[in-house]
Amino acid sequence: MTMRAVTSGAVARLRGSLLGLSGSERSVAEWILADPGRLLHLSMSSVAQECGVSDTTVLRTCRTAGFRGFTDLKLALAQDLVRPTQLIHDDIDAADTPD
């Protein structure tokens, strides 16, 4: 089995939207793309503070990238990040040995 990087779903949508974002929105998107898992533990206000922008800019980034809002982006990223782990567990069979 081959492990795939997080390249589909939310991450791909966010990457694909970079050219259409304003400068401040792009900085938010790039911050998220640098460590997508970190976003899952932060509020919109925390992300805004980390990026030096307003909450509205974070929300606008999410919407411009095609998400309904910040929570929608977080849920989509969580799904992207969980899928590789699920693929590993799906390949384990009852007949497998620990070797």
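The structure this text deals with has already been given above.
Residues numbered from 1 in each chain as written. Predicted model: local features only at pLDDT ≥ 70, side-chain atom pairs only at ≥ 80, totals over all residues. Heavy atoms only, no water.

### Focus on the side chain of threonine 61
Mapped onto the fold, threonine 61 is located in helix H5 (residues 55–64). If we skip the residues at most four places from it in the chain, threonine 61 touches Leu21, Glu25, Val28 and Ala29. (Helix = DSSP H or I, 4+ residues; strand = E, 2+ residues; numbered from the N terminus. Contact = heavy atoms within 4.5 Å.)

### So, the pattern of salt bridges
Under the defined criterion, the tally for this structure stands at three salt bridges. For glutamate 25, the salt bridge is made with arginine 60, and the minimal N-O distance between the two is 2.7 Å. Here the residue glutamate 25 occupies a position in helix H2 (residues 23–34), and arginine 60 occupies one in helix H5, the gap between them amounting to 35 residues. Judged by its relative accessible area of 6%, glutamate 25 is buried. The partner of arginine 68 in a salt bridge is aspartate 72, and the shortest N-O contact between them spans 3.3 Å. Note on arginine 68: relative accessible area 69%, which makes it exposed. (Salt bridge = Lys/Arg side-chain N within 4 Å of Asp/Glu carboxyl O. Buried < 20%, exposed > 50% of the residue type's maximum accessible area, 1.4 Å probe, protein only.)

### A short note on the nonpolar core
Side chains of nonpolar character tend, in soluble globular proteins, to be buried together. Judged by nonpolar contacts, the single largest core of 24 residues is most densely connected at Ile32, Leu39, Val47 and Leu73. Looking at this core, the elements with two or more residues in it are helix H1 (10–17), H2, helix H4 (44–51), H5 and helix H6 (70–90). Ranked by residues supplied to this core, first place goes to H2 with five residues. The contact partners of valine 47, leaving out residues within four places of it in the chain, are Val28, Trp31, Leu39, Leu42, Val58 and Phe70. (Core = buried A, V, L, I, M, F, W, Y, C linked by side-chain atoms within 4.5 Å.)

### Quick look at the side chain of glutamate 25
Among the polar contacts made by the side chain of glutamate 25, one reaches the side chain of arginine 60 at a distance of 2.7 Å. For glutamate 25, the contacting residues outside a window of four places in its chain are Thr57, Arg60, Thr61 and Thr64. (Polar contact = N/O pair within 3.5 Å; in protein donor to acceptor, adjacent residues only side chain to side chain.)

### Regarding the packing of aromatic side chains
The tally for this structure, following the rule as stated, stands at zero aromatic pairs. Lying over the aromatic face of phenylalanine 67, arginine 13 brings its terminal NZ or CZ to 4.0 Å of the ring centre. (Phe/Tyr/Trp six-rings, centres within 6.5 Å; stacked < 30°, edge-to-face > 60°. Lys NZ or Arg CZ within 6 Å of the ring centre and 35° of its normal.)

### Here's the deal with the packing of H2 against H5
In the contact formed by H2 and H5, the axes pass within 9 Å of each other and the chain directions differ by 80°. The pairing of H2 with H5 is recorded here as roughly perpendicular in orientation. Seen from H2, the contacting residues are Ser24, Glu25, Val28 and Ala29; seen from H5, they are Thr57, Val58, Arg60, Thr61 and Thr64. Of the residues in the contact of H2 with H5, the class split is three nonpolar, four polar and two charged. (Axes fitted to C-alpha atoms, helices over the stretch in contact; angles between N-to-C directions. Parallel < 35°, antiparallel > 145°, perpendicular 65-115°, else oblique. Nonpolar A, V, L, I, M, F, W, Y, C, P; charged D, E, K, R; others polar.)

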